[in-house]
Amino acid sequence: MHKTSKIILIASICAAAVLTAMNIAFRIPEYTAVILVCFAVSALVLTLVSIGCVKHFTKERIIRERENIIRIMQSLNTMAVLWSSDFRYIEANPELTKNIGYTSEDLSDMKTLQKVLPPDAFAPSLQAVINSRDEEFAVTAKGGAKVNTIWNTSIVSTIAGKNSRSCLMLSIGLDISETVRMKEELIKYSKELAESENRYTLSMGLSEIGLLLKEPGKTSYYISDQLMDMLGLNVPDISEGVLKARFHPSDIMTFNALQSAMVSPYSELNGSEIHSTEFRLLSSDNTYHWYQFRYKITPAETKLLANIGGAVIDVTKDKEKDSIIEKMAYIDDVTQIFNRNKFMQIGQETFECSAEAGQSYWVIVLDIDNFHIINDTCGYQSGNKLLADLGKIIENSVTEGGFGARIGGDNFALLIRDIGDDDLPVKIINHIQQEIKESCAQSFSVQTITCSAGYCKMSDGGKDFAQVLDRAEFSLSMSDGSKSNIIRYDNKIHDKIIAGTALENELAAAIENNEMVLYYQPKIDLSDGSLMGMEALIRWVKPDGTVVPPSQFIPVAENSMLITKISAFVLKEACRQNKEWQVMGYPPITVSINLTAVDFYQTDVKESIQNALNETGLDAKWLDVELTESLALKDIDHAIQQMKEIKELGVKLSMDDFGTGYSSLSYIQVLPITLLKLDRSFIMYLEEDEISREIVSAVIRIAKSKKIETIAEGIETIGQAEILKKSGCDLAQGYFFGKPMPADQFEEFMAMKASQKQEAVTADA
Ligand code: C2E
Ligand code: MG
Ligand code: MG
């Protein structure tokens, strides 16, 4: 009730009460009493009217205020809702209706409101709503889409007092959908980041890859946990000084190079490139480990300087493996000095640099004279010891900037820096020859070991190092066979090489023109003189009828790879011819072919042999492959493997020229051969030389004990044949029995042998 109405009402009641009391006390006349009562009643009526007016004015004010508020709401660009004090919806502004798609009228329906607001929005009491600040919830727009909002509610009108039910509340809301989306994305990304960081940390831990990073302007390097572990450090930032101190003294240059890359303006560098370097760092176990640093140089913010960073990987184990592999690939087993591969590699590098540096080198090639005699008389082990001794002598004879290696069997090579003294190579070779004599006099008392040499100057021409070495080797091969020969590469030798090249071209054409012809030499069974086999020997028959022996073109063919073509022809033709004679009715015999190291190591011999047999239809047991011992010794394990595979085909294997190579008798035990061919040099002096006879019979005995048949080649006299027969030699080959002859003559020979046999049978009968 309004204050004035209260006062009027209280005054009227008081007046009426006073008048009534006076009436009783002073006995006032009746009309006066009536007047007084009327007065009191009118006072009462006045009071009541006054209360009504006040009420009316209050309502008016509320309406006006509400309208004012609604007007203000219309102009707001945030969402706004006006509520009555009893939490009843009054009005929503256009921003809100636009956002949720309902009209203000729609919202006045409680059902719609319930759809829009989350259920818990109806739970709080008025007090709770008034007190709430930054209330966040999603409203449901028409169609079901969620709109994330944040609300603040306050009382905007308290016309009848704070605790009265007639106040108005205004809720102001903001659409925070975008913020919420961003927040959710942020959470998602953070989660993903955390996961990827975990994965990164895990993979870094597992992969044992450290990270090293240097940003310009900073004096320290950032190192990852993994690298800290690797180096035994406990802080992620280390100064240049600390890092440098960890570098192996020999790798300080690498450190300096990295440092200068960092201070180079970025524009001078190619940022997309991945660089790689290797260095040793003192590591957690207090030893130096090899690390590979794969890094990138990227522009720093200023673009003037560069960031440098990348992965640090411990490659110590790989390095160890590399050095073992390098050792296997480049160190000779017997002498423990470098082998031919390494000599070629260093030689080529030297060749390339020497021209630029205006420097020249001598290339010297040495060969031990008659090395096979050591092997044959003293055994394989002694031969190896001699090689090892010579290896040491060679190593000690190398002058500064030079290099020594074993480049094959009993061949050694030296690379010596030219100091302007043309006699230097001869001086060095003489020194080596003297050393061998002295050192070997102790080990091989019965023998005088000598060596011959060929040499040439690197700057005297040659397109590459291989050619320079060829020249030195060619000079050595020019040796007349005398001991301690020293031959320098000169014009005469040059002409011979040129002639060799001409021969090579001629030979290539001859192969194409089918000028290669096979001759056949008989192999005789010493027990009864019967024909048991033939050796196919190649001849080059020129169009004018000149017959060129193999000694004149096989070495050229071997050096130029023409040999593979020749061998393919020989294999096929020998099988074809043998099969043809068998088909013609001649008693079947074995045909032997000769293979070289090139055929044996560089092609798939087993497959070629199998193909030749298949194509010609010859049974494998009628084919024999002759290999020399020097061939087998080039790579003994590989040779044994190849020989086994050939033998598996059913083909026979013979060791040709036995006694001329490097091996000793004990050596043949490991080779899967069926026949041992004693070289002509053992046979030549059989009749007059007691020692030759002893050697031959000893070899035959040992071979028999190993169940290996023997054949003697180069038999020219009946005397030799008889001695061999007595010594137990199984087979024989030589001019005495028949020279190598063309196919038609050999056919006659076979016919003759067949009729001899027939006669013998008839006579026996
Ligand atoms: P080899 O395999 O040891 O062949 C035996 C050589 O000794 C043949 O020489 C043969 O004519 C010769 N000979 C045989 N009996 C006597 C004899 O009583 N007295 C003398 N003084 N010599 C005799 P040829 O045919 O000149 O062959 C020489 C070498 O050429 C062969 O030695 C073999 O290593 C090689 N050769 C021959 N034909 C081929 C072939 O088709 N392929 C390959 N890769 N090498 C072949
Ligand atoms: Mg032969
Ligand atoms: Mg031979």
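Above this text sits the structure in question.
The model shown is predicted, which means the values in this text are computed figures rather than measured ones.

1. Thoughts on the sheet that holds strand β7 (residues 220-223)
Then, in step 1: Strand order in the open sheet made by the six strands is β8-β7-β6-β11-β10-β9, with antiparallel pairing throughout. Only two strands of the sheet have a single neighbouring strand rather than two, namely β8 (237-239) and β9 (274-282). Direction aside, neighbouring strands of the sheet carry axes that sit 30° apart on average.
Then, in step 2: Note: strand β6 (residues 209-214) against β7, two bridges, orientation antiparallel. The partner of Leu 213 across the bridge, within β7, is Tyr 222.

2. Thoughts on the sheet that holds strand β3 (residues 135-140)
Then, in step 1: The five strands lie next to each other as β2-β1-β5-β4-β3, forming an open sheet whose pairing is antiparallel. The sheet terminates laterally at β2 (89-92) and β3, the two strands that pair on one side only. The average undirected angle you get between the axes of adjacent strands in this sheet is 35°.

3. With respect to the site of ligand 1
Then, in step 1: Near ligand 1, the surroundings consist of 21 residues, among which Arg 539, Asn 594, Asp 656, Glu 716 and Tyr 735 are the closest.
Then, in step 2: Side-chain polar atom of Gln 521 to a nitrogen atom of ligand 1: 3.0 Å apart, as the coordinates give it.
Then, in step 3: Residue Arg 539 places a side-chain N or O atom 2.9 Å away from an oxygen atom belonging to ligand 1.
Then, in step 4: When the free accessible area of ligand 1 is taken as 780 Å², the share hidden by the protein chains comes to 83%.
Then, in step 5: Of all the secondary structure elements, the ones that give two or more residues to the shell around ligand 1 are β19 (531-541) and β23 (652-658).
Then, in step 6: At four residues, β19 tops the list of elements feeding residues into the shell around ligand 1.
Then, in step 7: Considered class by class, the residues forming the shell around ligand 1 number eight nonpolar, five polar and eight charged.

4. Side note on the coordination of the magnesium ion (ligand 3)
In an ideal tetrahedron of four donors about a metal, each angle is 109.5 degrees. In an ideal octahedron of six donors, the angles are 90 or 180 degrees.
Then, in step 1: Every protein donor of the magnesium ion (ligand 3) is accounted for by Asp 656 (OD), Asp 657 (OD), Glu 713 (OE) and Glu 713 (OE), and the metal-donor separations fall at 2.1 to 2.5 Å.
Then, in step 2: Between consecutive donors of the magnesium ion (ligand 3), the numbers of intervening residues give the motif D-D-x55-E.
Then, in step 3: Taken as a pair, the magnesium ion (ligand 3) and the magnesium ion (ligand 2) lie 4.0 Å from each other and share Asp 656 as a ligand. One end of the pair, Asp 656, is in strand β23; the other, Glu 713, is in strand β25 (residues 709-713), with 57 residues separating them in the sequence. Per residue, the accessibility class of Asp 656 equals that of Glu 713, and both read buried.

5. Brief notes about the coordination of the magnesium ion (ligand 2)
Then, in step 1: Every protein donor of the magnesium ion (ligand 2) is accounted for by Glu 535 (OE), Asn 594 (OD1), Glu 626 (OE) and Asp 656 (OD), and the metal-donor separations fall at 2.0 to 2.2 Å.
Then, in step 2: Counting gaps between the donor residues of the magnesium ion (ligand 2) yields the pattern E-x58-N-x31-E-x29-D.
Then, in step 3: Look at Asn 594 and you get partly exposed, because its relative accessible area is 28%.

6. Quick notes on the packing of aromatic side chains
Then, in step 1: Applying the stated criterion across every chain, the model contains 16 aromatic pairs.
Then, in step 2: Relative to Phe 255, the ring of Phe 247 has its centre 5.1 Å away and its plane inclined at 65°; by these criteria the two rings are edge-to-face.
Then, in step 3: Residue Phe 247 is classed as buried on the basis of its relative accessible area of 4%.
Then, in step 4: Arranged with centres 5.1 Å apart and planes meeting at 20°, the rings of Phe 338 and Phe 403 form a pair that is stacked. Of this pair, Phe 338 sits in strand β12 (residues 338-339) while Phe 403 sits in strand β14 (residues 403-408), and the two are 65 residues apart along the sequence.
Then, in step 5: Judged by relative accessible area, which is 27%, Phe 338 ranks as partly exposed.
Then, in step 6: An aromatic cluster is built from Phe 247, Phe 255, Phe 279, Phe 293 and Tyr 295, whose rings are joined through pairwise contacts.

7. A short note on the side chain of Arg 539
Then, in step 1: Positionally, Arg 539 belongs in strand β19.
Then, in step 2: Glu 535 provides the closest opposite charge to the buried, unpaired Arg 539, separated from it by 8.8 Å.
Then, in step 3: When sequence neighbours within four positions are dropped, the list of residues in contact with Arg 539 reads Glu 515, Met 516, Val 517, Tyr 519, Val 547, Val 548, Pro 549, Pro 550, Phe 553 and Pro 740.

8. Details of helix α14 (residues 380-397)
An α-helix turns once every 3.6 residues. As a result, residues three or four positions apart point the same way.
Then, in step 1: Spanning 18 residues, α14 covers 26 Å between terminal C-alpha atoms, matching the ideal 26 Å at 1.5 Å per step.
Then, in step 2: Restricting attention to buried positions, one finds in α14 the residues Ser 382, Gly 383, Asn 384, Leu 386, Leu 387, Ala 388, Asp 389, Leu 390, Gly 391, Ile 393, Ile 394 and Ser 397.

9. Description of the environment of Ile 72
Then, in step 1: In this structure, Ile 72 sits in helix α2 (residues 30-75).
Then, in step 2: Classification of Ile 72 as exposed rests on a relative accessible area of 54%.

10. Some details on unusual backbone geometry
Then, in step 1: The residue Asn 286 is not glycine, and still its phi comes out positive at about 65°.
Then, in step 2: Checked against the element boundaries, Asn 286 lands in the loop between β9 and β10 (288-299).
Then, in step 3: Since its relative accessible area comes to 62%, Asn 286 is described here as exposed.
Then, in step 4: A positive phi angle, close to 60°, is found at Lys 707, a residue other than glycine.
Then, in step 5: Relative to the helices and strands, Lys 707 resides in the loop between α25 (690-705) and β25.

11. Some words on the pattern of salt bridges
Then, in step 1: In the structure shown here, the tally under the stated rule is 27 salt bridges.
Then, in step 2: Residue Glu 240 pairs with Lys 214 through a salt bridge whose shortest N-O separation is 3.2 Å. Of the two residues, Glu 240 is situated in helix α9 (residues 240-246) and Lys 214 in strand β6; the sequence distance between them amounts to 26 residues.
Then, in step 3: Look at Lys 214 and you get buried, because its relative accessible area is 7%.
Then, in step 4: Glu 716 serves as the salt-bridge partner of Arg 680, at 3.5 Å between the closest nitrogen and oxygen. One end of the pair, Arg 680, is in helix α24 (residues 680-683); the other, Glu 716, is in the loop between β25 and α26 (718-726), with 36 residues separating them in the sequence.

Cut-offs used in this document
Residues numbered from 1 in each chain as written. Chains lettered and ligands numbered in written order. Predicted model: local features only at pLDDT ≥ 70, side-chain atom pairs only at ≥ 80, totals over all residues. Heavy atoms only, no water. Pairing = 2+ DSSP bridges. Helix = DSSP H or I, 4+ residues; strand = E, 2+ residues; numbered from the N terminus. Axes fitted to C-alpha atoms, helices over the stretch in contact; angles between N-to-C directions. Near = heavy atom within 4 Å. Polar contact = N/O pair within 3.5 Å; in protein donor to acceptor, adjacent residues only side chain to side chain. Areas by Shrake-Rupley, 256 points an atom, 1.4 Å probe, with all protein chains shown as cover. Nonpolar A, V, L, I, M, F, W, Y, C, P; charged D, E, K, R; others polar. Donors = N, O, S within 2.8 Å, 3.2 Å for Na, K, Ca; no water. Buried < 20%, exposed > 50% of the residue type's maximum accessible area, 1.4 Å probe, protein only. Phe/Tyr/Trp six-rings, centres within 6.5 Å; stacked < 30°, edge-to-face > 60°. Lys, Arg positive; Asp, Glu negative; His and termini not counted. Salt bridge = Lys/Arg side-chain N within 4 Å of Asp/Glu carboxyl O. Contact = heavy atoms within 4.5 Å. Expected span 1.5 Å × (residues − 1).

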